[in-house]
Amino acid sequence: MRQVAGILQVAPMALYRHVSNRDDLIDAMIDVLFSEITLPLGGAHWKTAMRDRALSLRDVLARHRWAIGLMESRRRPGPANLRHHDAVIGKLRSAGFDIAMVAHAYSLLDGYIYGFALTRMNIPFDTEDEMAAMARDMFEPFPANDYPNLAEFVTDHVMKPGYDYGEEFEYGLDLILNGLEEALARQ
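Below you will find a few notes about this structure. (Residues numbered from 1 in each chain as written. Predicted model: local features only at pLDDT ≥ 70, side-chain atom pairs only at ≥ 80, totals over all residues. Heavy atoms only, no water.)

### Describing the packing of helix α1 (residues 22-36) against helix α3 (residues 79-94)
Now for step 1: Relative orientation of the contacting elements α1 and α3 amounts to 40 degrees, with a least axis distance of 7 Å. When the axis of α1 is compared with that of α3, the two are oblique. The handedness of the crossing between α1 and α3 comes out as left-handed. On the side of α1, the interface is formed by Ile30, Asp31, Phe34 and Ser35, while α3 contributes Pro79, Ala80, Asn81, His84 and His85. (Axes fitted to C-alpha atoms, helices over the stretch in contact; angles between N-to-C directions. Helix = DSSP H or I, 4+ residues; strand = E, 2+ residues; numbered from the N terminus. Parallel < 35°, antiparallel > 145°, perpendicular 65-115°, else oblique. Left-handed = near helix turned anticlockwise from the far one by under 90°. Contact = heavy atoms within 4.5 Å.)

Here is the structure:
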């Protein structure tokens, strides 16, 4: 091992003196990511806590795009991973969700958060100029009126200055949280 610019550098094979195998290394890396997500603890209302957790998880996934497909796939989760899941379940249970509703809420929230992160990661543009170029390229080979609804959506909404797909996240999240609140009241 050597240190370069303050970063510890390990020869690739030497790494396996510290971890048993590739899966152990990935498990450890995923556990670090779970430790970065805001836990829904304390006295915050469940809806606020779930919203804060969703925003935090979205931000972690944006910083660590490689992890989207790995976060919920670990067969041997670490303590931060387990603590995270326990805290989410505990917050929902303490709010009055029965165990079946906890399963529904958790699935719905994570499906939305991970799905949004995956979609955002794969959108083929980052800037308004790239978006405009993509729209031109997308419609160019087709007659102008073949896809009128899509054309209207792109030109009248997506192409407007300042549009940011990332801002759609909170709108959808609030719909889900409001729906869960209604389901909890009916429970």
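### Some words on helix α4 (residues 99-122)
Now for step 1: Between its first and last C-alpha atoms α4 spans 34 Å; for 24 residues at 1.5 Å apiece the expected length is 34 Å, and the two agree.
Now for step 2: Among the residues making up α4, those that are buried are Met101, Val102, Ala105, Tyr106, Leu109, Asp110, Tyr112, Ile113, Tyr114, Phe116 and Ala117.
Now for step 3: Where the residues of α4 are buried, they touch α1, α2 (46-63), α3 and α7 (168-186).
Now for step 4: Sitting at the amino-terminal end of α4 is Asp98, which places a side-chain oxygen 3.1 Å from the backbone nitrogen of Ala100. (Expected span 1.5 Å × (residues − 1). Buried < 20%, exposed > 50% of the residue type's maximum accessible area, 1.4 Å probe, protein only. Polar contact = N/O pair within 3.5 Å; in protein donor to acceptor, adjacent residues only side chain to side chain.)

### A few points about the side chain of Lys91
Now for step 1: Inspection of the secondary structure puts Lys91 in helix α3.
Now for step 2: Dropping the residues within four chain positions of it, Lys91 is found in contact with Pro40, Leu41, Gly42, Gly43, Ala44, Trp46, Ala49 and Met50.

### Some remarks on the packing of α2 against α3
Now for step 1: At their nearest, the axes of α2 and α3 sit 9 Å apart, and the two run at 155 degrees to each other. For the element pair α2 / α3, the angle class is roughly antiparallel. Relative to α3, the crossing made by α2 is left-handed. On α3, the residues that touch Trp46, Ala49, Met50 and Arg53 of α2 are His84, Val88, Lys91 and Leu92.
Now for step 2: When the residues that make up the contact of α2 with α3 are grouped by side-chain class, the tally is five nonpolar, one polar and two charged. (Nonpolar A, V, L, I, M, F, W, Y, C, P; charged D, E, K, R; others polar.)

### Thoughts on the pattern of salt bridges
Now for step 1: Applying the stated criterion across every chain, the model contains ten salt bridges.
Now for step 2: Asp27 is paired through a salt bridge with Arg74; the nearest N and O atoms lie 2.6 Å apart. With Asp27 in helix α1 and Arg74 in the loop between α2 and α3, the pair connects residues that are 47 residues apart, well separated along the chain. Here Asp27 and Arg74 have matching classes, each one buried.
Now for step 3: For Glu36, the salt bridge is made with Arg63, and the minimal N-O distance between the two is 3.0 Å. Of the two residues, Glu36 is situated in helix α1 and Arg63 in helix α2; the sequence distance between them amounts to 27 residues.
Now for step 4: Classification of Arg63 as exposed rests on a relative accessible area of 52%. (Salt bridge = Lys/Arg side-chain N within 4 Å of Asp/Glu carboxyl O.)

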